[in-house]
Amino acid sequence: MTAGVQTVIFPVRDLDKAKALFNRLLDAEPIMDQPYYVGYEVAGQDVGLDPNGHGKGMTGPLAYWTVDDIGATLEQLLDAGAEQLQAPSDVGGGKLVASVRDPDGNPIGLIQEP
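Attention now goes to unusual backbone geometry. The phi angle at Asp27 is positive, at roughly 50°, despite the residue not being glycine. You can call Asp27 exposed: its relative accessible area is 71%. Residues other than glycine seldom take positive phi values, yet Ala43 does so here, at roughly 55°.

What follows deals with a nonpolar patch on the surface. Together, Ile31, Met32 and Tyr36 give the surface a local cluster of nonpolar side chains, amounting to about 310 Å² of exposed area. In this fold, Ile31 is placed in the loop between helix H1 (15-26) and strand E2 (32-34).

Further remarks concern helix H2 (residues 70-79). Among the residues making up H2, those that are buried are Ile70, Thr73, Leu74 and Leu77. Summarising the axial view, the buried residues of H2 lie within an arc of 100°, below the 170-degree limit, and thus occupy one face. The exposed residues of H2 that point more than 90 degrees off its buried face are Glu75 and Asp79. Packing partners of the buried residues in H2 comprise strand E5 (62-67), strand E6 (83-90), strand E7 (96-101) and strand E8 (107-112). One side-chain oxygen of the residue at the start of H2 lies 3.2 Å from the amide nitrogen of Gly71, identifying that residue as Asp69.

What follows is about the pairing of E8. Where E5 and E8 come together, 3 bridges link them in parallel fashion. Bridge assignment links Tyr64 to a residue of E8, and that residue is Gly109. Looking at chain direction, E7 and E8 are connected through 6 bridges and run antiparallel. Looking at E8, one finds that Ala98 is bridged to Leu110. Adjacent in sequence and paired antiparallel, E7 and E8 are bridged by 5 residues, among which Gly105 carries a positive phi angle near 90°.

This part covers the sheet that holds strand E3 (residues 37-42). As summarised here, the arrangement of the 8 strands in space is E2-E3-E4-E1-E5-E8-E7-E6, forming an open sheet in which the pairing is mixed. If you trace the sheet from one side to the other, it starts and ends with E2 and E6, each paired once. Recorded for the sheet is a direction-independent mean angle of 20° between the axes of neighbouring strands. Against the sheet, H1 engages strand E1 (2-11), E2, E3 and strand E4 (45-50), with an angle of about 5° to E3.

Looking now at the nonpolar core. One finds Val12, Leu15, Ala18, Phe22, Leu26, Ala28, Val38, Tyr40, Val47 and Leu49 forming the largest nonpolar core, which totals 10 residues. Counting only elements with at least two residues in this core, the list comes to H1, E3 and E4. The dominant element in this core, judged by the number of residues it contributes, is H1, at 4 residues. In this structure, Leu26 is in contact with Tyr40, Val42 and Val47, ignoring residues within four places of it in sequence. In terms of nonpolar packing, the next biggest core, distinct from the first, is built from 8 residues, Ile70, Leu74, Ala82 and Ala98 among them.

Per the counting criterion, the structure on display carries 4 salt bridges. Note that Lys19 is salt-bridged to Asp33, the shortest N-O span being 2.8 Å. Highlighted residues: Lys19 in helix H1 and Asp33 in strand E2, separated in sequence by 14 residues. Exposure remark for Asp33: the relative accessible area of 39% places this residue in the partly exposed category.

About the criteria used
Residues numbered from 1 in each chain as written. Predicted model: local features only at pLDDT ≥ 70, side-chain atom pairs only at ≥ 80, totals over all residues. Heavy atoms only, no water. Buried < 20%, exposed > 50% of the residue type's maximum accessible area, 1.4 Å probe, protein only. Patch = residues over 30% accessible without salt bridge, like charges linked within 9 Å, V, L, I, M, F, W, Y side chains within 5 Å. Areas by Shrake-Rupley, 256 points an atom, 1.4 Å probe, with all protein chains shown as cover. Salt bridge = Lys/Arg side-chain N within 4 Å of Asp/Glu carboxyl O. Helix = DSSP H or I, 4+ residues; strand = E, 2+ residues; numbered from the N terminus. Arc of directions from axis to C-beta. Contact = heavy atoms within 4.5 Å. Polar contact = N/O pair within 3.5 Å; in protein donor to acceptor, adjacent residues only side chain to side chain. Pairing = 2+ DSSP bridges. Axes fitted to C-alpha atoms, helices over the stretch in contact; angles between N-to-C directions. Core = buried A, V, L, I, M, F, W, Y, C linked by side-chain atoms within 4.5 Å.

Rendered as structure tokens:
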């Protein structure tokens, strides 16, 4: 069902300040640097800064589980009692993301690579 957590997205209010901090923390420059998203790849881990995250209801970092079939995985989680937060959507290049909330209110992200 999953290949593990490889992506973590942080909602940020000030993208420039967050980018300066994460550049230092990760000792790296972003591989994607756009007004709507800044992304890093460090040691096989994808770290993203989303300036629209709070507006989408994110209250903190969200871990994304890499799955082979986002639709099937989403259906299984919903059948098991999860509540859908974000329907699958293409975030560019065929990469799909979705999110749910477990019965305790914890967010779970799903990501399917193209």
